Amino acid sequence: MAKRAIITGILGQDGPYLAKYLLAKNYKVYGMVRRYSNPTFDNLDYVGITNKIEYIEGDMGDESSLMNVIRVVRPDEVYNLAAQSFVGDSWQMAKLTTEVNAIGVLYLLNAIKYISPTAKFYQASTSEMFGLGNTKGYQDENTNFHPRSPYGIAKVYAHMMTINFRESYGLYTSNGILFNHESPIRGIQFVTRKITDGVARIKLGLKDKLHLGNLDAKRDWGFAGDYVEAMYMMLQQKKTDDFVVGTGINHSVKEFVQLSFKYAGIEDWEKYIVIDPRFKRPAEVHELKAKPDKAFKQLGWKPKVSFEELVKMMVEADLKRVKKLL
Ligand code: NAP
Ligand code: GDD
């Protein structure tokens, strides 16, 4: 019989890539969606699998809806990708971010414990939990957490609760501590997509300026399509464990900007950039760089798409998308 997987956050960036990967492995994939007035399936359309998913309603803020999802699906694997995932908004919406990203995970873990205790659970943990924990110039599984945002703090709670359900009740739970990963279906608020969309609009004459915040921040950026493979691999291990997933190489926001303009064929990038304090954060995470040796060795995972290939892929996709608006 086909294995059954639930993906929460199916309509986001990672959900569609993971669903496609699992469908290719003959899983029956259930996608949890929250109630919408006007739902959009654009990201699933982009990867071409909208009609291959079984949708089920649930909200991370509502415990009984999560109980119902687990009761109806009886999953073999649960991938919890749902979150208020935009760090920048988490100061304004600290309570909501905590309810969805922290308490929602407790609800989901309880639902698994009481209804489907043999289900394996993947939690979308994040390098944002490290924050200032960067004493050696990189972060691995042993690096201390020092989160700098309500988002990061809520994710630390969920991370530790995921470990606690493993230690207390023997559930199969795993945290993937993923560094930034991007794609042509990345949300438009995140800096990479904001840049590639902005560059495409400038190139095609729909915009003259791109407003950004801190250009010196450094991130370890990879391709989302590669990272979902690591999520799957984590749940296939004999012994449940937590893994850092990244490329091991970082770049500044400025480098991302320069390369994007270059791929769009624009030389004098600086004249289009406006440094705008609205996009600076009350407390910044200045630099993230993974040391993903454990994932490379134990999971046999490796990223395939380079930084340059990722930027090119995103610029080309946005040029194509924006051209259709003309
Ligand atoms: P994303 O594009 O923002 O997708 C998040 C999904 O969560 C959206 O589909 C959203 O639904 C859903 N969601 C939000 N609140 C919900 C609620 N109350 N109930 C049910 N669903 C809800 O994020 P992503 O980039 O795919 O990332 C997936 C996960 O990995 C997130 O947990 C994120 O925090 C974590 N993560 C991401 C990265 C990265 O670089 N992308 C790195 C580390 C960790 P709507 O479509 O209805 O808004
Ligand atoms: N969004 C945004 N917009 N960020 C900007 C801008 C801007 O105009 N200008 C500079 N930045 C800087 C931010 O200050 C930050 O240092 C960096 O660009 C990356 O910002 P985001 O793309 O918003 O991502 P993030 O690193 O804060 O968070 C993402 O990665 C985390 C993993 O480290 C999200 O996907 C999180 O959900 C994820 O956990």
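Model, not experiment: these values are computed from the prediction. (Residues numbered from 1 in each chain as written. Chains lettered and ligands numbered in written order. Predicted model: local features only at pLDDT ≥ 70, side-chain atom pairs only at ≥ 80, totals over all residues. Heavy atoms only, no water.)

(A) Main features of the packing of helix α1 (residues 14-24) against helix α7 (residues 224-234). In the contact formed by α1 and α7, the axes pass within 9 Å of each other and the chain directions differ by 60 degrees. In terms of orientation, α1 lies oblique with respect to α7. With respect to the hand of their crossing, α1 and α7 are arranged in right-handed fashion. Side by side, α1 and α7 meet where D14, Y17, L18, Y21 and L22 of the first sit next to A224, G225, V228, E229, M231 and Y232 of the second. (Axes fitted to C-alpha atoms, helices over the stretch in contact; angles between N-to-C directions. Helix = DSSP H or I, 4+ residues; strand = E, 2+ residues; numbered from the N terminus. Parallel < 35°, antiparallel > 145°, perpendicular 65-115°, else oblique. Left-handed = near helix turned anticlockwise from the far one by under 90°. Contact = heavy atoms within 4.5 Å.)

(B) Region of the structure containing the domain arrangement of the protein chain. In terms of domain boundaries, the protein chain breaks down into domain 1 (4-181 + 220-245) and domain 2 (187-219 + 251-284 + 306-323). Using only C-alpha atoms to locate each centre, domain 1 and domain 2 end up separated by 27 Å. Counting residues at the interface gives 15 residues for domain 1, matched by 17 residues for domain 2. Buried area between domain 1 and domain 2, summed over both chains or domains, comes out near 1,500 Å², and the portion from carbon and sulfur atoms is 66%. Of all residues in domain 1, F86, W91 and W221 give up the largest surface area on contact with domain 2, accounting jointly for 50% of the area buried on that side. Our enumeration of links across domain 1 and domain 2 arrives at zero salt bridges. On inspection of domain 1 and its partner domain 2, the count reaches three residue pairs in polar contact (both at pLDDT 80 or more). (Domains from an automatic or database assignment. Buried area = accessible area lost by both parts, 1.4 Å probe. Salt bridge = Lys/Arg side-chain N within 4 Å of Asp/Glu carboxyl O. Polar contact = N/O pair within 3.5 Å; in protein donor to acceptor, adjacent residues only side chain to side chain.)

(C) Spotlight on the packing of aromatic side chains. Counting across every chain of the model gives 15 aromatic pairs. Ring centres 6.0 Å apart and planes at 40 degrees place the aromatic pair Y79 and Y122 in the tilted group. A residue pair is termed long-range when its members are at least 10 positions apart, and Y79 in strand β4 (residues 77-80) and Y122 in strand β5 (residues 120-126) qualify at 43 residues. Three or more aromatic residues joined by ring pairs form one cluster here, namely Y21, Y27 and Y232. The ring of Y169 has K113 sitting right over it, with the charged end atom 4.0 Å from the ring centre. Of note, K291 hangs over the ring of Y138, and the distance from its end group to the ring centre comes to 5.4 Å. (Phe/Tyr/Trp six-rings, centres within 6.5 Å; stacked < 30°, edge-to-face > 60°. Lys NZ or Arg CZ within 6 Å of the ring centre and 35° of its normal.)

(D) View of the packing of helix α6 (residues 191-203) against helix α10 (residues 307-323). Relative to each other, α6 and α10 sit at 50 degrees, their axes nearing to 8 Å. When the axes of α6 and α10 are compared, the pair comes out oblique. α6 and α10 meet at a crossing whose hand is right-handed. Two secondary-structure elements touch here, α6 through T192, R193, T196, D197, A200, R201 and K203 and α10 through M314, V315, D318, L319, R321 and V322. The class makeup of the residues in the contact of α6 with α10 is five nonpolar, two polar and six charged. (Nonpolar A, V, L, I, M, F, W, Y, C, P; charged D, E, K, R; others polar.)

(E) A look at unusual backbone geometry. Even without being a glycine, N26 presents a positive backbone phi close to 70 degrees. Locating N26 in the fold gives a position in the loop between α1 and β2 (28-33). The phi dihedral of R74 is positive, around 50 degrees, even though this residue is not glycine. Structurally, R74 is set in the loop between α3 (63-73) and β4. Given the relative accessible area of 44%, R74 is considered partly exposed. (Buried < 20%, exposed > 50% of the residue type's maximum accessible area, 1.4 Å probe, protein only.)

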